[in-house]
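What the coordinates show
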Amino acid sequence: MARPGRGFVLTSAVLALAAGLAAAATQGLVFAAVTVVAAVYVAVLTTFGLRNTGIVAMVLAFGFAPMYRGAEGLTGGTVPPTDVFILLGILHLLPTFLGNRLKLPPVYVIGLLLTAVLSLVSVIVTGDLFNNAFYAGQWLFFIGALPIVIAWWRPHRTIVVWLLWAYLAGHLISTAKAITEGAVFANRYDGFTHHPNAFGLGGVTSIAIVLFLLHHHKDLRVRVLLLGVVAISLLSVSLSGSRAAIVVLAALVVLIPIVERSALMGVGLAVVGALGVLSIPFVIDASGEETALGRLAGGGTASGSDKIREAALEDGFARLWQSPILGSGFKDVEQYHNVYLEAAVAIGILGLACYLVVMFALARPLFTHHPLRRLTYIVWVFIGIAPTFPGLWDRTVWVPASLAALAMLTPETQNAPADPEVEPTRSQPVVPGVSPGRA
């Protein structure tokens, strides 16, 4: 039963807030925009409640992830919208999972702790404390804090699917913009992202996501829709001109029959691959030198990019040997266009080894029988793209890849209560070793 006067207090609070927002809106355009955002937030919070508001925030975070830096203008050019929504999501969801059990693999925990300690040491001894701490914090958040939050939260599989569909929607919107806008330079497209390579990476990540969703959805119409998403994502990879994206995509195709344990699929992919190799010259002639295949064959701006990357790698290794043990901090490491070299330069060779342990723990479930193992396809995309990509704390891959933490949980942990507001029903399929509705 409601307490006497509670309705009056809530009504008064809402009226006072509305009056305050209305007064703030008259102070200028910026205040008016902030007021609108605040009003929408209050409306969503009061309508859907704390937990559902947190889920909406996470869905928006995943939707902005494939174009996170290109959308920075929405928040004044300082913080990517993805970061804002992730933090809002965590704050709103925290009360719903604080009491959950959390048991992560020791290898992941130890690797992450050592990486954090070595990052702290590097930040302290290399100077420029604020900048180094800022970049180190971003890195540790996306390889550690966010996956841990996801594992602690243990969202219902339905919510996982929503998050992944939100990412696909974001990339499709970015692709639509690329097609309508045209090439940004050298006949390469970037959509809503900050660079064509990021646009191509969003396409490969979307295809990796589809590999999970195709297994989840049994409806033929949905599967056909997902195949359409694959076709559009392939187009975005080609339009981006990203050679790394096309190579990682090829490696992903080779990986599929191994993971799915299907000899028939392996033969089919081999035939398709052979036909693809034979058709490459014709595709390049038809599509142009600045597409991903054209640049992979050495056309367009590929040679110029190679020279720039080679010079950056030389500088990176020279900086690494100046302080190979403790590293020399995170400042300007993105210029080396190699995630592994960036990590070694920042926190030393031992730190790189610890980072690789973290990656191994997240990637290993792909070759197990875990019901959520296909989420780790996304981690393997990052592992493949990392040698050619300046993305130590990139959100394009790491936001959806954080879901791979769910595949590190044992079935016993998954069976523990995770979301008190989600009750399993008899109509939900039962997966061996996993509680109903928690696959």
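Structure first, text after, so check above.
All of the points below concern the structure found in this document. (Residues numbered from 1 in each chain as written. Predicted model: local features only at pLDDT ≥ 70, side-chain atom pairs only at ≥ 80, totals over all residues. Heavy atoms only, no water.)

Before going further, it helps to spend a moment on a nonpolar patch on the surface. A grouping of Leu120, Ile124, Val125, Ile325 and Leu326 is seen on the molecular surface, where their side chains present a nonpolar patch of about 510 Å² in accessible area. Structurally, Val125 is set in helix α4 (residues 106-125). (Patch = residues over 30% accessible without salt bridge, like charges linked within 9 Å, V, L, I, M, F, W, Y side chains within 5 Å. Areas by Shrake-Rupley, 256 points an atom, 1.4 Å probe, with all protein chains shown as cover. Salt bridge = Lys/Arg side-chain N within 4 Å of Asp/Glu carboxyl O. Helix = DSSP H or I, 4+ residues; strand = E, 2+ residues; numbered from the N terminus.)

Along the chain, Ser402 falls in the loop between α15 (395-401) and α16 (411-415). A polar contact is formed between the side chain of Ser402 and the backbone oxygen of Val399, at a distance of 2.5 Å. Leaving out residues up to four positions away in the same chain, Ser402 has contacts with Phe62, Leu146, Pro147 and Ile150. (Polar contact = N/O pair within 3.5 Å; in protein donor to acceptor, adjacent residues only side chain to side chain. Contact = heavy atoms within 4.5 Å.)

Look at α4 against helix α5 (residues 129-153): their axes get within 10 Å of each other, and the N-to-C directions meet at 175°. On the basis of the axis angle, α4 is roughly antiparallel to α5. On α5, the residues touching Tyr108, Leu112, Thr115, Ala116, Ser119 and Val123 of α4 are Leu129, Asn132, Ala133, Ala136, Trp139, Leu140, Ile143, Gly144, Pro147 and Ile148. Its residues assigned to classes, the contact of α4 with α5 comprises twelve nonpolar, four polar and no charged. (Axes fitted to C-alpha atoms, helices over the stretch in contact; angles between N-to-C directions. Parallel < 35°, antiparallel > 145°, perpendicular 65-115°, else oblique. Nonpolar A, V, L, I, M, F, W, Y, C, P; charged D, E, K, R; others polar.)

With that settled, the discussion passes to helix α13 (residues 339-363). Its 25 residues place the ends of α13 only 16 Å apart at the C-alpha level, less than the 36 Å of an ideal helix rising 1.5 Å per residue. Taking the largest bend as the criterion, α13 deviates by roughly 125°, centred on Ile347. The element α13 is extensively covered by neighbouring structure, given that 19 of its 25 residues are classed as buried. At the N-terminal boundary of α13, the capping side chain belongs to Asn338, with an oxygen 3.0 Å from the backbone nitrogen of Tyr340. (Expected span 1.5 Å × (residues − 1). Bend = angle between axes of the 7 residues up to and from the residue. Buried < 20%, exposed > 50% of the residue type's maximum accessible area, 1.4 Å probe, protein only.)

A separate point is helix α9 (residues 243-260). The end-to-end C-alpha separation of α9 is 26 Å, in line with the 26 Å expected for 18 residues at 1.5 Å each. Along α9, the sharpest change in direction is near 25° and occurs at Val254; proline Pro257 comes one to four residues later. Arg243, Ala244, Ala245, Ile246, Val248, Leu249, Leu252, Leu255, Ile256, Pro257 and Val259 are the residues of α9 that are buried. Of the residues that open α9, the one with a side-chain oxygen 3.1 Å from the backbone nitrogen of Ala245 is Ser242. Where α9 terminates, the next one or two residues include Arg261, which has phi positive at roughly 55°.

Bringing the pattern of salt bridges into the picture now. Summed over all chains, the structure comprises three salt bridges. A salt bridge links Glu181 to Lys177, with the shortest nitrogen-to-oxygen separation between them at 3.0 Å. In this pair, Glu181 and Lys177 both sit in helix α6 (residues 157-181), four residues apart, roughly one turn of the helix. You can call Glu181 partly exposed: its relative accessible area is 41%. Residue Lys177 is classed as partly exposed on the basis of its relative accessible area of 23%. The shortest N-O distance in the salt bridge between Arg221 and Asp219 comes to 2.9 Å. On the basis of relative accessibility, which here comes to 30%, the residue Asp219 falls in the partly exposed class.

Turning our eyes to something else, we now look at the packing of helix α7 (residues 196-216) against helix α14 (residues 377-385). One can describe the packing of α7 onto α14 by two numbers: an axis separation of 8 Å at closest approach and a directional angle of 150°. One element, α7, and the other, α14, form an angle in the roughly antiparallel class. Between α7 and α14 the crossing geometry is right-handed. Here Leu201, Val204, Thr205, Ala208, Ile209 and Leu211 of α7 lie close against α14, whose contacting residues are Tyr377, Ile378, Val381 and Ile385. The residue makeup of the contact of α7 with α14, split by class, is nine nonpolar, one polar and no charged. (Left-handed = near helix turned anticlockwise from the far one by under 90°.)

Turning to its location among the elements, Glu334 is positioned in the loop between α12 (302-322) and α13. Judged by relative accessible area, which is 27%, Glu334 ranks as partly exposed. With near-sequence residues (within four places) excluded, Glu334 lies in contact with Arg69, Glu342, Pro390 and Trp393.

Of note in this structure, Arg154 is not a glycine but carries a positive phi near 50°. Note on placement: Arg154 falls in the loop between α5 and α6. For Arg154, a relative accessible area of 2% puts it in the buried group. In this model, His337 sits at a positive phi of 55°, which is unusual for a non-glycine residue. Within the secondary structure, His337 sits in the loop between α12 and α13.

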